Amino acid sequence: MQAFISAQGLVKHYGNTLALDNVSFEVYQNEILGFIGPDGAGKSTLFEILTTLLIPDAGEASINGMDIHKDYGKIRASIGFMPGKFSLYQDLTVQENLSFFANIFGSSIEENYHLIKGIYELLKPFANRKAGALSGGMKQKLALCCALIHKPLALFLDEPTTGVDAVSRTEFWDNLMQIRDSGIPIVVSTPYMDEATRCDRVAMIHNGRIMKLDTPDNIIKGYDGKLLSITCKDRQKPKALLQNEAAITSLYSFGDALHISLNNTDASTLKLISSKLEQGMDSPYQIKEVFPIFEDCFLQLMGQMKK
Ligand code: ADP
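Everything numeric here is computed off the predicted structure, so don't read it as measured data.

### Looking at the sheet that holds strand 14 (residues 285-289)
- With respect to topology, four strands assemble into an open sheet ordered 12-13-11-14, the strand pairing being antiparallel. Two strands lie at the open edges of the sheet, namely strand 12 (248-254) and strand 14, each paired on one side alone. In this sheet, adjacent strand axes meet at a mean angle of 20 degrees when their direction is disregarded.
- Judged from the six bridges that link them, strand 12 and strand 13 (residues 257-262) form a sheet pairing that is antiparallel. By the bridge assignment, isoleucine 248 is partnered in strand 13 with leucine 262.
- Together, strand 11 (226-232), strand 12, strand 13 and strand 14 form the strand contacts of helix 10 (residues 267-280), whose direction differs from that of strand 14 by roughly 170 degrees.

### Focus: helix 3 (residues 94-104)
- For helix 3, the complete set of buried residues consists of Val94, Asn97, Leu98, Phe101 and Ala102. Buried residues of helix 3 fall within an arc of 130 degrees about the axis and therefore sit on the same side. Opposite its buried face, helix 3 presents the exposed residues Asn103 and Ile104, each directed more than 90 degrees away.
- Once helix 3 ends, the next one or two residues include glycine 106, with phi positive near 70 degrees.

### Remarks on the layout of surface pockets
- Of the voids in this model, the largest pocket is the one considered here, and its volume is about 380 Å³.
- Forming the boundary of the largest pocket are 20 residues, of which Gly80, Phe81, Met82, Pro83 and Phe101 lie nearest the centre.
- Listing elements by their share of the lining of the largest pocket, those giving two or more residues are strand 6 (79-82) and helix 5 (136-148).

### Some points on the environment of proline 56
- Looking at where proline 56 falls in the secondary structure, it is placed in the loop between helix 1 (43-50) and strand 4 (58-63).
- Along the chain, proline 56 and glutamate 278 lie 222 residues apart, while their C-alpha atoms are 56 Å from each other.
- Once residues within four sequence positions are removed from consideration, proline 56 is found in contact with Leu10, Val11, Lys12, Ile49, Ile68 and His69.

What counts, and where the lines are drawn
Residues numbered from 1 in each chain as written. Predicted model: local features only at pLDDT ≥ 70, side-chain atom pairs only at ≥ 80, totals over all residues. Heavy atoms only, no water. Pairing = 2+ DSSP bridges. Helix = DSSP H or I, 4+ residues; strand = E, 2+ residues; numbered from the N terminus. Axes fitted to C-alpha atoms, helices over the stretch in contact; angles between N-to-C directions. Contact = heavy atoms within 4.5 Å. Buried < 20%, exposed > 50% of the residue type's maximum accessible area, 1.4 Å probe, protein only. Arc of directions from axis to C-beta. 1 Å grid on protein atoms, 1.4 Å probe; cavity = no way out; pocket = protein on both sides within 12 Å on 5 of 7 lines; lining within 4 Å. Points joined across faces, edges and corners; volume = space filled by probe spheres on them.

Next comes the structure, spelled out in structure tokens:
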């Protein structure tokens, strides 16, 4: 299958900072590719290169065969981009923003209304409200409508739901699924693990490098080691007791539990952990083996990177 979006060996420096370090990936039609990584990982730089706002120091990228260097005009006219910062006209109303974006792309709201209908219905009661006076979730829905109104070939969304409430985030992602199913591939970054698991494939990015790129299921299946969960009143206590154990690769708070990732679970290791806890814990606790979820995989990878 031919990739719709392709990036090969992208490199970008800002002075001495290496923001992107040989980044390569492909995105296929009918696919949502998510980027997840901490602040400063290089996500925005990547989006700016793919949307031709920034020129890489090295590497190639193309969208539907259009090259980011040679065909930047064509790319700009045919993609939709939601940058990380809200970039619509705050003093224009919802309706005026939409008309403006439709007009500059030589389109009209009527022509592509079917694409935004689901989202726009939620915005309709606020059609005459200035964009600057909308709630965070409504602003993001409007920005998505504006990015879609010219029927883009592909959508690029840089942290589109950061700071948005949980219900609005779910609605927003339901919309993304529909857009993907209509044949528009989506590249999206997110700081939220639940959103990462809704992507068809996820790229974990850190220090400008893609550390892992796979389906969320495969990332979970590829979890390296075993995971124990300890619930107790004071999570700092087992953390202090166990943090220097050689078999423990990472140890982190997880909801109201402490998760312990082990690189070996032979009987002697488990016995050692049990006896340390039995001797050191001064209040009741529970320990059990649990299956990792996506967040465990992400935290394990980040832990490995820091070492
Ligand atoms: P993310 O979007 O994942 O937070 P960015 O792409 O914004 O990451 O940043 C990647 C790295 O490049 C960071 O170390 C950041 O400080 C640096 N950086 C980003 N933009 C600039 C800039 N305009 N000038 C200097 N450094 C920058």
